[in-house]
Amino acid sequence: MITHPTGIFDNSAKAYKHISVTPLSAAMGAKVSGVDLSCLTAHQFREIEHALFRHKMIYFRDQHLTHGDQEAFSLRFGPFAEDAYTKGVNGHVNVQPIIREADGFEPLVFGFGWHTDSPFLLRPPAISMLYAVDVPPFGGDTIWANSALAYHALSETMRSIIKPLSVHMSMEKVVTLAQTEMSPSNSLLGRIAATRDMDNLPEAIAHKVAGAFHPLVRTHPGTGEKSIYCDQTYSSGIKGLSQDEALPIIDFLIKHITQPAFTCRLRWKGNTLAVWDNRLGIHQAFNDYNGFRREMYRTTVAGEVPA
Ligand code: SIN
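Sequence order as written defines the numbering, with residues in each chain counted from 1. Selection of residues for local features in this predicted model requires a pLDDT of at least 70, selection of side-chain atom pairs for listing and counting requires 80 or more, and totals for whole chains, interfaces and linings are taken over all residues. Calculated side-chain values reflect all of the structure's heavy atoms, with hydrogen atoms and water omitted.

Colleague: Help me understand the overall build of the protein chain in this model?
Modeller: Looking only at helices and strands, the protein chain features eight helices and 15 strands. Its C-alpha radius of gyration of 19 Å places the protein chain within 12% of the 19 Å reference for a compact globule of 307 residues. The principal-axis extent of the C-alpha atoms belonging to the protein chain is close to 50 × 50 × 35 Å. Using a 1.4 Å probe on the protein chains alone, a residue whose accessible area is under 20% of its type maximum counts as buried, one over 50% counts as exposed, and one in between counts as partly exposed. Split into buried and exposed, the 307 residues of the protein chain put 54% on the buried side. Put simply, 80% of the contacts in the protein chain that link residues at least 6 apart link residues at least 24 apart. We get accessible surface area from the Shrake-Rupley algorithm with a probe of 1.4 Å; when it comes to residues, only the shown protein chains can shield them. Within the structure as shown, the protein chain displays about 13200 Å² of accessible surface, and the carbon and sulfur contribution to it stands at 54%. The sign given to each residue is positive for Lys and Arg and negative for Asp and Glu; His and the chain ends receive no count. To locate a charge, take NZ of a lysine, CZ of an arginine, CG of an aspartate or CD of a glutamate. Each charge class in the protein chain can be summarised by its mean position, and for the 28 positive and 30 negative side chains these summaries are 6 Å apart. By definition, any uninterrupted DSSP run of H or I lasting at least four residues is a helix, any uninterrupted run of E lasting at least two residues is a strand, and each is numbered from the N terminus. When we talk radius of gyration, it's over C-alpha atoms, and the globule rule is simply 2.2 Å times the number of residues to the 0.38. Whether two residues touch is decided by their heavy atoms; if any such pair falls within 4.5 Å, the residues are in contact.

Colleague: I'm lost on the nonpolar core in this one. Help?
Modeller: Each nonpolar core is a collection of buried residues, namely Ala, Val, Leu, Ile, Met, Phe, Trp, Tyr and Cys, held together in the definition by side-chain atoms within 4.5 Å. Counting 64 residues, the largest nonpolar core has Met57, Trp144, Ile162, Met171 and Ile228 as the members making the most contacts within it. If one sorts the elements of this core by residue count, helix α8 (residues 243–257) sits on top with six residues. In this view, isoleucine 162 contacts Leu154, Leu216, Val217, Ile228, Ile249 and Leu253; residues no more than four positions away in its chain are not counted. Counting 25 residues, the second-largest nonpolar core is a separate cluster that includes Val32, Ile58, Ala126 and Leu273.

Colleague: I would appreciate a short explanation of helix α2 (residues 67–77) in the present structure.
Modeller: For an α-helix the count is 3.6 residues per turn, leaving residues at separations of three or four pointing the same way. Along α2, the residues classified as buried are Gln70, Glu71, Phe73, Ser74 and Phe77. The buried residues of α2 occupy an angular sector of 165 degrees when projected down its axis, which confines them to one face. Buried-residue contacts for α2 involve α1 (42–55), β3 (57–60), β5 (127–134), β13 (273–277) and β15 (294–301). Glycine 78 sits one or two residues past α2 and shows a positive phi near 150 degrees. Relevant arc is that of directions from the helix axis to the C-beta atoms, nothing else.

Colleague: Would you explain the site of the ligand in this entry?
Modeller: All residues adjacent to the ligand are Gly111, His115, Asp117, Leu130, Thr142, Trp276, His283, Ala285, Arg294 and Arg298. A 3.5 Å cut-off defines polar contacts: any pair of N or O atoms within that distance qualifies, except that in protein one atom must be a possible hydrogen donor and the other a possible acceptor, and neighbouring residues in sequence count only when both atoms are side-chain atoms. Taking histidine 283, its side chain carries an N or O atom lying 3.0 Å from an oxygen atom of the ligand. A distance of 2.8 Å separates an oxygen atom of the ligand from a polar atom in the side chain of arginine 294. Summarising the interface, the protein chains cover 100% of the accessible area of the ligand, which totals 260 Å² for the free molecule. For the shell around the ligand, the secondary-structure elements that each account for two or more residues are β14 (281–285) and β15. Counted by class, the shell around the ligand contains three nonpolar, four polar and three charged residues. A single heavy atom is enough: if one lies within 4 Å of a molecule or strand, its residue is considered near that molecule or strand. Ten residue types, Ala, Val, Leu, Ile, Met, Phe, Trp, Tyr, Cys and Pro, are classed as nonpolar, four, Asp, Glu, Lys and Arg, as charged, and the remainder, Gly among them, as polar.

Structural data, given as structure tokens:
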């Protein structure tokens, strides 16, 4: 069901004292300005965190950050999360390089498909942030969808149907796609492609394919806001339902969450940092910049067991 804009949208900015906020779309997202992330005050941080929970994704332009600055900003939200895909960069194990070279023509790009970050973990990352160093002249945008707004827009009856359900989150689709579509290489997905045999996966990947069950409707620990915890890349079943029963529900929820009216899209520039809350939205990267380089660095903040 496609929902048209109704009275339930409210992505307006609050009046803050220490930061300025400009909404990006009617559904979600906002630009935060008037701050230098390498030397934030405690007052600014408190308002930034409030803006993140309100807008689900916030971004900052013209930030000149070292890996150490990004780590320090990330640590303000909490300890680093386990990273499911990389071992970081030299001297900064928690700074994950997401780099595609201009000649790196690959059928899949890291972050393809609508997803929340690493939900196959028992404690998926709460918050992720991505810092742009080198961006293509066009393409390479990131798009987010507001799954709290999507929950709010469901009928009472649908909400009561999905509330008691647990969703199975697994890395299986990513492994299968990497094995069939990609050649083994040193890229993030190329290393998964190198596994080739689904029955003989290295323990670390087998564990992520086995995945975890989480509530299909989760409650944000900071604000109490409810959201649909379901995505296209990792949601692979529902506890107690056959696949014939579960997949139409998952498909409906993904279509519902990702309807254009519930999204925002960021056009990257160098020195932009975007921060999003994985408990309140899903996102995806586009594979539309062949021939151009894109260099980004990601940190993730540990989350709770979803409830
Ligand atoms: C991600 O899914 O974390 C990466 C998004 C992007 O590269 O745009």
